[in-house]
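Spelled out from the first residue to the last, the chains are:
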Amino acid sequence: MDRQSAFFTRLLCLCLGIFTVHLLQAQGAVKWTKDGNGYYSVQGGELVQFTLPQNTKTVLLSKEQLTPQGQKPITFRSFSFSEDDKKILLFTNTKKVWRLNTRGDYWVYDRNTNSLKQVGKARPASSLMFAKFSPDASKVAYVSEYNLYVEDLASGTVKQLTTDGNRKLINGTFDWVYEEEFFCRDGFRWSPDSKQIAYWQIDAKNTKDYLMVNNTDSIYPFAVPVEYPSAGEAPSPFKVGVVDISTASTKWMAIPTDPVWQSYVPRVEWAANSTELIIQHLNRKQNESQLMLCNVQSGAAQTIYTEKDSAWIDILPLWDNDYIWGGWDWLNAGKEFIWASEKDGWRHLYRVSRDGKKETLITAGNYDVMEITCIDEKGGFVYFMASPDNATQKFLYRTKLDGKGKAERVSPANQQGTHDYDISPNAKFAQHVFSNYYTSYTNEMISLADHKGLNGENKVADAVAKADKTSSKVEFFKVKTSEGVEMDAWMVKPDNFDATKKYPVVFYVYTEPWGQNVKDQFGVEGNFLYQGSMAKDGYIYISIDNRGTPVPKGRNWRKIVYRKIGLVNIRDQALAATEILKWPYVDTSRVAVWGWSGGGSATLNLMFQFPEIYKTGISVAAVGNQLTYDNIYQERYMGLPQENREDFVKGSPITYAKNLKGNLLYIHGTGDDNVHYNNAEMLINELVKHNRQFQLMSYPNRTHSISEGPGTYQHLATLYTNYLKLHCPPGGR
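Everything quoted here is computed from the prediction, not taken from an experiment.

1. Some details on the overall build of the chain
Counting its regular elements, the chain contains 12 helices and 43 strands. Computed over the C-alpha atoms, the radius of gyration of the chain is 26 Å, within 12% of the 27 Å expected from 2.2 N^0.38 for a compact globule of 733 residues. Within the span of the chain, comprising 733 residues, buried residues form 59% of the whole. Sequence separation of at least 24 residues holds for 60% of the intrachain contacts in the chain that already meet a minimum separation of 6. Working note: accessible area of the chain is about 28,900 Å², and carbon and sulfur atoms make up 48% of it.

Structure follows, in structure tokens:
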């Protein structure tokens, strides 16, 4: 991966908050055949299939087949198959919606007739979203301009299923905050009998718009509105409806909500039949979860399973990205399902009866399930990622679905580091990606039973055998504070390190519930904004994971920051730094800290709350005032401003801005739709009020990633590097 690509990959993780983005996704995840004995790939603009274990290649769609009459071959971003594998849906001409390219055009290739046809042709170009085949493969449904449509593939007839959609009444997809914080994007589901579609409707008419001002794309500035409920503002009300394909009439589910506080439904699926939906309903504080079965004829909703937490409840897609696009793990022909809970102090999997009256603990022990990798009901196992002994690593485990077995590690004992797996539906094969701090990413296809590479190849084992620990400068260590809190950390010392000299130290921080920095994986120590080598120039570079970060150390570790973000996490970092500054080779007069987004907020809080420790800070896209950030995120971790506003104030950097003593570089994009630019201006006002001098760099119209426009990355990296070198000079003294 070149430096530019690495930069934008890192930004994806930083700026979306998706800190658990799978390595497999970054590498290009496998799209398996339904039987699990092969996979699909796009090569040279053609769709090909590989059959395992021999890895024999078959071209499914050639460039010639992908060429509409009189046009060039279509290039597609993604594809999906009908249930019978006879039709292929191709997604092309894609456009970004907030974070991901989820708008575009769709084509269907019919393998029976060898024909290629565009669907939604009468709709505006690149306006279709989440198109998918009906289970019987006769139709395709899609969203366009906030309304839901269905198209008959044989006749070409298009039926509009909703007619009231607009920017403030959203059918089949979501508003900004549902997408950003619940990863809800695809907002409709076909029924198994192909006769109905369940969908969300979000009513944002009373949700206030944040007005971003575009000052650069025309002579006269213009406002860009984003429906954005800040902390303390009520969420946009939801409805869940089931529309009959033949009549286009919708039956709304009678899901209860608080008329004042409102509530959330982040998950909706068909309940393993065509007569019921299963939904997850969260209260406004997100500390009570109800699973409900909804009768689609009457609309009646029945609660079958309730869970409460004194802090908050993480929905499954927040820690397992495979579920971002939906899905529910049914067992025993729909009579049971798998559910995750932290109620015993660890994130574990339970087998729950359909009526919610019986549950069986599947994964038992003092460890967290980090991810569900495969449910092999036929074989009787669930495969999952965990790391009971080292929170910086990740391994594949499996245990019996009946809850009677003990977890057994599948990843080889001699491969210490970070593993990722994409397991075939039949649990026979897997794409395996491995790295550790001294072994670069290695990708192989394995047979899962013996964890051996196919066709005599064992790429990971060979890479581990050849890897040289001494080639890496990363050192992992633990630091214990004066309050007895022990945290994982990594460090890179300068080249030609001389323990008799004193060196500057730079801390890289995130500190909030969506950021784990200390991972035993290749390149973990990379600073994508620094031009050159920090080690060569003479910096000690360190990162520490405090309490509240999403590491596999149990519920209490993660949730101790409830209503205390900006306090507990900041104090942990500062007390850890205090211990590090006792090292004889650390120059306490040259201590810098930097971070992006939540890490930018932490940088500000550290500079303001502990000015005697941190002398230089670089804060990018920070939340300066927690009351300005969106309600789903901020209220989940901090409560409701109406009830405990003082916690929001105590945790916000702006409260402590008057204490700034060191050198601060503050960076923000004026077109940031996530952490809005008013954060910057509120903070600027407070610093000006107290005559605290600092340097500001605002990037016009750039979003949270500050990645748009020619020259932006080069400018940002140059600014960052020059400021650090000027105010925290490198080298031993």
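2. Here we look at the environment of Phe694
On the secondary structure map, Phe694 appears in the loop between helix H11 (678–689) and strand E43 (695–699). Separated by 32 residues in sequence, Phe694 and Gly662 have C-alpha atoms that sit 8.6 Å apart. The residues touching Phe694, leaving out its near neighbours within four places in the chain, are Leu660, Leu664, Ile684 and Leu687.

3. Some points on the nonpolar core
Counting residues in hydrophobic clusters, the biggest one holds 95 residues, and the most contacted among them are Ile255, Leu277, Phe507, Ile542, Ile544, Phe608 and Tyr614. Sort the elements by how many residues they give to this core and helix H7 (residues 568–580) lands first, with six residues. Among all residues touching Ile544, those that are not within four sequence positions of it are Val479, Met487, Asp488, Ala489, Phe507, Tyr508, Val518, Gln573, Ala576 and Ile580. Among the nonpolar cores identified, the runner-up in size contains 34 residues, and Val474, Val506, Ile667 and Cys728 belong to it.

4. Concerning the environment of Glu579
Mapping Glu579 onto the fold places it in helix H7. As a C-alpha pair, Glu579 and Thr481 span 98 residues in sequence and 6.7 Å in three-dimensional space. Ignoring sequence-local partners within four residues, the contact set of Glu579 consists of Val479, Lys480, Thr481 and Ser482.

5. Side note on the UniProt feature "domain: Peptidase S9 prolyl oligopeptidase catalytic" (unreviewed entry) in the chain
Cross-referencing UniProt, the feature "domain: Peptidase S9 prolyl oligopeptidase catalytic" (unreviewed entry) maps to residues 533–719 in the present numbering. A helix fraction of 39% and a strand fraction of 18% characterise residues 533–719, whose end C-alpha atoms lie 16 Å from each other.

6. Some words on the packing of aromatic side chains
The geometry of two aromatic rings is summed up by the distance between their centres and the angle between their planes. Across all of its chains, the model carries 44 aromatic pairs by this definition. On the basis of an interplanar angle of 90 degrees and a centroid distance of 6.2 Å, the ring pair of Tyr40 and Phe79 is categorised as edge-to-face. Taken together, the residues Tyr40 in strand E2 (residues 38–43) and Phe79 in strand E5 (residues 78–81) connect sequence positions 39 residues apart. For the pair shown, Tyr40 and Phe79 are each scored as buried. Ring geometry for Phe528 and Trp594: centres 5.9 Å apart, planes at 65 degrees, overall edge-to-face. Note that Phe528 is positioned in the loop between strand E38 (503–508) and helix H5 (534–537) and Trp594 in strand E40 (residues 586–596), a separation of 66 residues in sequence. Residue Phe528 is classed as buried on the basis of its relative accessible area of 10%. With a relative accessible area of 1%, Trp594 lands in the buried category. Every member of this aromatic cluster is reached through a ring pair, and the members are Phe183, Trp312, Trp514, Tyr562, Tyr629, Tyr633 and Tyr637. One cation-aromatic arrangement involves Arg409 over Phe395; the distance from NZ or CZ to the ring centre is 3.7 Å.

7. A closer look at the UniProt feature "domain: Dipeptidylpeptidase IV N-terminal" (unreviewed entry) in the chain
Residues given the UniProt feature "domain: Dipeptidylpeptidase IV N-terminal" (unreviewed entry) here are residues 82–437. Counted over residues 82–437, helix gives 2% and strand 47%. Its end C-alpha atoms are 42 Å apart.

8. Examining the state of the cysteines
Note on terminology: a disulfide is the covalent bond linking the sulfur atoms of two cysteines. Overall, the coordinates contain zero disulfides when judged by the stated rule. The closest cysteine sulfur to the non-disulfide-bonded Cys294 is located on Cys184, 15 Å from its own sulfur. Judged by relative accessible area, which is 0%, Cys294 ranks as buried.

9. Some remarks on helix H8 (residues 598–609)
The end-to-end C-alpha distance of H8 is 16 Å, a good match for the 16 Å that 12 residues give at a rise of 1.5 Å each. Among the 12 residues of H8, 11 are classified as buried, and the element is accordingly described as predominantly covered. Turning to H8, its buried residues number three or more, namely Gly598, Gly599, Gly600, Ser601, Ala602, Thr603, Leu604, Asn605, Leu606, Met607 and Phe608.

10. A short note on the domain arrangement of the chain
Taken as a whole, the chain is organised into domain 1 (26–148), domain 2 (161–320) and domain 3 (474–727). Distance from the C-alpha centre of domain 1 to the C-alpha centre of domain 3: 42 Å.

11. Brief notes about the sheet that holds strand E28 (residues 371–376)
Within a sheet, adjacent strands bond to each other through the backbone by hydrogen bonds, running parallel or antiparallel. Here four strands make up an open sheet; going across it, the order is E28-E29-E30-E31 and the pairing antiparallel. Only two strands of the sheet have a single neighbouring strand rather than two, namely E28 and strand E31 (408–409). When E28 meets strand E29 (residues 381–386), the two strands line up antiparallel, connected through five bridges. By the bridge assignment for E29, Cys374 is matched with Tyr383.

12. Re unusual backbone geometry
In this structure, the amide linkage connecting Leu52 to the following residue, Pro53, adopts the cis form with an omega of 5 degrees. Here Pro53 lies in the loop between strand E3 (46–51) and strand E4 (56–61). Phi is positive for Asn55, which is not a glycine, with a value near 65 degrees. In this structure, Asn55 sits in the loop between E3 and E4. You can call Asn55 partly exposed: its relative accessible area is 32%. The phi angle at Ile706 is positive, at roughly 45 degrees, despite the residue not being glycine.

13. Some words on the pairing of E5
Because side chains alternate across E5, one face comprises the buried residues Phe79 and Phe81, and the other comprises Ser78 and Ser80, none of which is buried. For E5 and strand E6 (residues 87–97), the ladder comprises four bridges, and the chain directions are antiparallel. Bridge pairing in E6 links Phe79 to Leu90. Here E5 folds back onto E6 in antiparallel fashion, the turn holding five residues, of which Asp85 has a positive phi close to 65 degrees.

14. Considerations on the pairing of strand E7 (residues 100–110)
With eight of 11 residues buried, E7 is to be regarded as a mostly interior element. As judged from the nine bridges shared by E6 and E7, these two strands associate in the antiparallel manner. Bridging from a neighbouring strand, Val97 pairs with Leu100 of E7. In terms of strand pairing, E7 meets strand E8 (residues 115–119) through five bridges, oriented antiparallel. In the sheet register, Trp107 faces E8, and the bridge partner there is Gln118. Once E7 ends, the chain turns through four residues before running back antiparallel as E8, passing Asn114 with a positive phi of about 55 degrees.

15. With respect to the sheet that holds strand E34 (residues 439–447)
A sheet is described by the order of its strands in space; here four strands give the open sequence E32-E33-E34-E35, paired in antiparallel fashion. Edge positions in the sheet fall to strand E32 (418–423) and strand E35 (452–453), since each of these pairs with one other strand and no more. Bridge count between strand E33 (residues 429–436) and E34: seven bridges; the pairing is antiparallel. The residue bridging His432 from the neighbouring strand is Glu444, located in E34. With respect to the sheet, helix H4 (residues 459–466) is in contact with E33 and E34, its orientation differing from that of E34 by roughly 150 degrees.

16. Points about the packing of helix H9 (residues 631–638) against helix H10 (residues 641–651)
Contact geometry of H9 with H10 gives a least axis separation of 10 Å together with a crossing angle of 80 degrees. Here H10 runs roughly perpendicular to H9, going by the angle between their axes. For the pair formed by H9 and H10, the contact residues are Gln634, Glu635 and Met638 on the first element and Pro641, Asn644, Asp647 and Phe648 on the second. Considered class by class, the residues forming the contact of H9 with H10 number three nonpolar, two polar and two charged.

Rules of the game
- Residues numbered from 1 in each chain as written.
- Predicted model: local features only at pLDDT ≥ 70, side-chain atom pairs only at ≥ 80, totals over all residues.
- Heavy atoms only, no water.
- Helix = DSSP H or I, 4+ residues; strand = E, 2+ residues; numbered from the N terminus.
- Rg over C-alpha atoms; globule rule 2.2 N^0.38 Å.
- Buried < 20%, exposed > 50% of the residue type's maximum accessible area, 1.4 Å probe, protein only.
- Contact = heavy atoms within 4.5 Å.
- Areas by Shrake-Rupley, 256 points an atom, 1.4 Å probe, with all protein chains shown as cover.
- Core = buried A, V, L, I, M, F, W, Y, C linked by side-chain atoms within 4.5 Å.
- UniProt positions renumbered as here; feature names shortened; annotations may be inferred.
- Phe/Tyr/Trp six-rings, centres within 6.5 Å; stacked < 30°, edge-to-face > 60°.
- Lys NZ or Arg CZ within 6 Å of the ring centre and 35° of its normal.
- Disulfide = S-S within 2.5 Å.
- Expected span 1.5 Å × (residues − 1).
- Domains from an automatic or database assignment.
- Pairing = 2+ DSSP bridges.
- Axes fitted to C-alpha atoms, helices over the stretch in contact; angles between N-to-C directions.
- Parallel < 35°, antiparallel > 145°, perpendicular 65-115°, else oblique.
- Nonpolar A, V, L, I, M, F, W, Y, C, P; charged D, E, K, R; others polar.

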